[in-house]
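Listed here are the chains, written in short residue letters.
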Amino acid sequence: MEKLTFYVLSSPEKLDRVGEYLYYKLSRDIYRKRNGCVEIGVEAMDQLLQACHSQTLNLFVESYLKMVQKLLESVDPNLQILATQSFVKFSNIEEDTPSYHRRYDFLVSKFASMAHSNTTDDELRNAIRASGVSGLKSVVRKTVSDDLVENIWDPNHMEKIIPSLLFNMEQGRQSLLVRDENDAVAGNQEEEVVDAPRIAETCLRDLVNKATFGHVRSFVRPVLNHFDVFDLWVPNDFAVHTFRVIMFSIQVILPPTKS
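Quick notes on the rules
- Residues numbered from 1 in each chain as written.
- Predicted model: local features only at pLDDT ≥ 70, side-chain atom pairs only at ≥ 80, totals over all residues.
- Heavy atoms only, no water.
- Helix = DSSP H or I, 4+ residues; strand = E, 2+ residues; numbered from the N terminus.
- Buried < 20%, exposed > 50% of the residue type's maximum accessible area, 1.4 Å probe, protein only.
- Contact = heavy atoms within 4.5 Å.
- Areas by Shrake-Rupley, 256 points an atom, 1.4 Å probe, with all protein chains shown as cover.
- Salt bridge = Lys/Arg side-chain N within 4 Å of Asp/Glu carboxyl O.
- Phe/Tyr/Trp six-rings, centres within 6.5 Å; stacked < 30°, edge-to-face > 60°.
- Lys NZ or Arg CZ within 6 Å of the ring centre and 35° of its normal.
- Patch = residues over 30% accessible without salt bridge, like charges linked within 9 Å, V, L, I, M, F, W, Y side chains within 5 Å.
- Polar contact = N/O pair within 3.5 Å; in protein donor to acceptor, adjacent residues only side chain to side chain.
- Axes fitted to C-alpha atoms, helices over the stretch in contact; angles between N-to-C directions.
- Parallel < 35°, antiparallel > 145°, perpendicular 65-115°, else oblique.
- Nonpolar A, V, L, I, M, F, W, Y, C, P; charged D, E, K, R; others polar.
- Left-handed = near helix turned anticlockwise from the far one by under 90°.

Focus: the overall build of the protein chain
Of the regular secondary structure elements, the protein chain holds eleven helices and zero strands. Starting at the N terminus and walking to the C terminus, you meet the elements of the protein chain as α-α-α-α-α-α-α-α-α-α-α. For the protein chain, with 259 residues in total, the buried portion stands at 45%. Looking at the protein chain alone, contacts between residues at least 24 apart form 72% of all its contacts between residues at least 6 apart. Surface summary for the protein chain: the accessible area is close to 14,600 Å², and the carbon and sulfur share equals 52%.

Overview of unusual backbone geometry
Put simply, Val234 and Pro235 share a cis peptide bond, and its omega is -5 degrees. Examined against the element boundaries, Pro235 turns out to sit in the loop between α10 (216-229) and α11 (237-249). A positive phi is found at Lys33, a non-glycine position, where the angle reads about 60 degrees. By secondary structure assignment, the location of Lys33 is in the loop between α2 (15-31) and α3 (35-51). On the basis of relative accessibility, which here comes to 71%, the residue Lys33 falls in the exposed class. You will see that Asp231, though not glycine, has its phi angle at about 50 degrees, which is positive. Relative to the assigned elements, Asp231 resides in the loop between α10 and α11. For Asp231, a relative accessible area of 59% puts it in the exposed group.

Comments concerning the pattern of salt bridges
What the rule picks out here adds up to seven salt bridges. Across the pair Lys25 and Asp29 runs a salt bridge whose closest N-O atoms are separated by 3.4 Å. Remark: Asp29 and Lys25 occur in helix α2; sequence separation between them is four residues, near one turn of the helix. The residue Arg205 makes a salt bridge to Glu201 at a minimum N-O spacing of 2.8 Å. With Arg205 and Glu201 both in helix α9 (residues 183-210) and four residues apart, the pair spans about one turn of that helix. Through salt bridges that share partners, Lys25, Asp29 and Arg34 make up one connected network.

Quick notes on the packing of aromatic side chains
Considering all chains together, one arrives at eight aromatic pairs under this definition. Consider the rings of Tyr64 and Phe90, whose centres lie 5.1 Å apart with planes at 45 degrees: the pair is tilted. Highlighted residues: Tyr64 in helix α4 (residues 57-72) and Phe90 in helix α5 (residues 77-91), separated in sequence by 26 residues. For the pair formed by Tyr64 and Phe90, the shared burial category is buried. The residue whose ring lies beneath Lys142 is Phe90, and the NZ or CZ to ring-centre distance is 4.3 Å.

Examining a nonpolar patch on the surface
The grouping of Leu224, Trp233 and Val234 at the surface amounts to a nonpolar patch, some 290 Å² of accessible area in total. Judged by relative accessible area, Leu224 falls into the partly exposed class, the value being 33%.

Thoughts on the side chain of Glu201
At a separation of 3.0 Å, a polar atom in the side chain of Glu201 contacts the side chain of His241. Beyond its immediate chain neighbours, meaning those up to four positions away, Glu201 contacts Met169, His241 and Val245.

With respect to the packing of α2 against α4
Viewed as axis vectors pointing N to C, α2 and α4 meet at an angle of 10 degrees, and their least axial separation amounts to 8 Å. Relative to α4, the element α2 is oriented roughly parallel. Every residue of α4 that contacts α2 at Leu15, Asp16, Gly19, Glu20, Tyr23, Leu26, Ser27 and Ile30 is listed here: Leu57, Leu59, Phe60, Ser63, Lys66, Met67, Lys70 and Leu71. Partitioned by chemical class, the residues of the contact of α2 with α4 number nine nonpolar, three polar and four charged.

Observations concerning the packing of α3 against α4
At a closest axis distance of 11 Å, the pairing of α3 and α4 adopts a crossing angle of 150 degrees. Our classification of the angle between α3 and α4 gives roughly antiparallel. Seen from above, α3 lies across α4 with left-handed handedness. Contact residues: Val38, Val42, Met45, Asp46, Leu48 and Leu49 in α3; Leu57, Phe60, Val61, Ser63, Tyr64, Met67 and Leu71 in α4. Grouping the constituent residues of the contact of α3 with α4 by class yields eleven nonpolar, one polar and one charged.

Below, the structure written as structure tokens:
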């Protein structure tokens, strides 16, 4: 791995070809169900992203995002979780140049689907939901502060992101009620159960905090619609909690004044 990193740092113009090769090899390993080799390929991609900061990085990122999509399309939930963990690392990277054509439609849809996982295995379901919410949080982090990339405030995105966050937050409050009635279960499962709800609430806070005056309607409308569709107004505990999160997170934004 050190030799490969040295090679691309010495010849950054080869970075896109390296990315294409790694994607080809990883796709073949996924098809042949060589999960060990898949993990090595993902780790190689992650390390190259961390090490390389050049103008050609955008070309490599295209191969990287194709890899993430390939993993998320797999029926193996462990590969889906692996893809999400990798994308979370990628979202923390500050790129030298913005990408004007990069789109995250598939990632938003897939992460939202994972956040609503209903698999029967409790442990796996919690892991998939937590990964889905983490993925949404990473997409928000990658796009919300840059006006040059895809508009995350678009209704098509907000109508998937907001319900996914609220669903996990509400599920977390239900789990807390159950554990209050059965304290014996709380000891070993607390962190595992509340993982996705905590991430979801953090994501909602971050999203609202980044909103400008013109974006308020973009996230408030899906919130109201979610509460209407699932009859969450009565009892109003969760509704009050949600709007407290919103009100305490939103910045003091004054509407534009007429001159």
